[in-house]
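Listed here are the chains, written in short residue letters.
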Amino acid sequence: LPMLRDGLSCIFLDNTYCHPSFDFPTREYAGEVAVAAATEKWPCLLFVSVYQLGKEPLLETLAERLGVKVLVPPTRLESLRAGGAREELFAAE
């Protein structure tokens, strides 16, 4: 990136959730809870809100456990391919 050629003069870190008062479950545990909840109600129409990249492991686990493909917009599918997600678990809507 051209703006980084001369180095960085300042970095802003958001450490809001690093405070010990925030005790979140691990991604793995939260994923297992989501899969268990979906499995209880399956078959059903399941929506998972994904604003940014980072939830691919959850989507892949849901697809594997429920035996379905995850439908995503074509632009998201391109991002998933570029990020190395397991393409056989996703389809463009």
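Turning to the layout of surface pockets, a few remarks are in order. For the largest pocket, the calculated volume is near 510 Å³. Contributing to the lining of the largest pocket are 19 residues, with L46, F47, V48, V70 and L71 lying nearest its centre. For the lining of the largest pocket, the secondary-structure elements that each account for two or more residues are α2 (56–66) and β1 (70–72). By residue number, the principal contributor to the lining of the largest pocket is α2, which donates four residues. For the lining of the largest pocket, the per-class residue count stands at 16 nonpolar, no polar and three charged. Approximately 420 Å³ is the volume found for the second largest pocket. As for the second largest pocket, its lining consists of 16 residues, of which R27, G54, K55, P57 and L58 are closest to the centre. Elements supplying a minimum of two residues to the lining of the second largest pocket: α1 (27–41) and α2. The dominant element in the lining of the second largest pocket, judged by the number of residues it contributes, is α1, at six residues. Partitioned by chemical class, the residues of the lining of the second largest pocket number seven nonpolar, five polar and four charged.

Along α2, the residues that are buried comprise E56, L59, E60, L62, A63 and L66. An end-on view of α2 places all buried positions within 160° of arc, on one side of the element. Contacts made by the buried residues of α2 are with α1, β1, α3 (74–82) and β2 (90–92). Immediately downstream of α2, the backbone of G67 shows phi near 70°, a positive value.

So, on to the pattern of salt bridges. One pass over the structure, following the stated rule, counts four salt bridges. Close ionic contact of E88 with R86 constitutes a salt bridge, the shortest N to O distance being 3.1 Å. In this structure, a network of salt bridges that share partners links the residues E64, R86 and E88.

Conventions adopted
- Residues numbered from 1 in each chain as written.
- Predicted model: local features only at pLDDT ≥ 70, side-chain atom pairs only at ≥ 80, totals over all residues.
- Heavy atoms only, no water.
- 1 Å grid on protein atoms, 1.4 Å probe; cavity = no way out; pocket = protein on both sides within 12 Å on 5 of 7 lines; lining within 4 Å.
- Points joined across faces, edges and corners; volume = space filled by probe spheres on them.
- Helix = DSSP H or I, 4+ residues; strand = E, 2+ residues; numbered from the N terminus.
- Nonpolar A, V, L, I, M, F, W, Y, C, P; charged D, E, K, R; others polar.
- Buried < 20%, exposed > 50% of the residue type's maximum accessible area, 1.4 Å probe, protein only.
- Arc of directions from axis to C-beta.
- Contact = heavy atoms within 4.5 Å.
- Salt bridge = Lys/Arg side-chain N within 4 Å of Asp/Glu carboxyl O.

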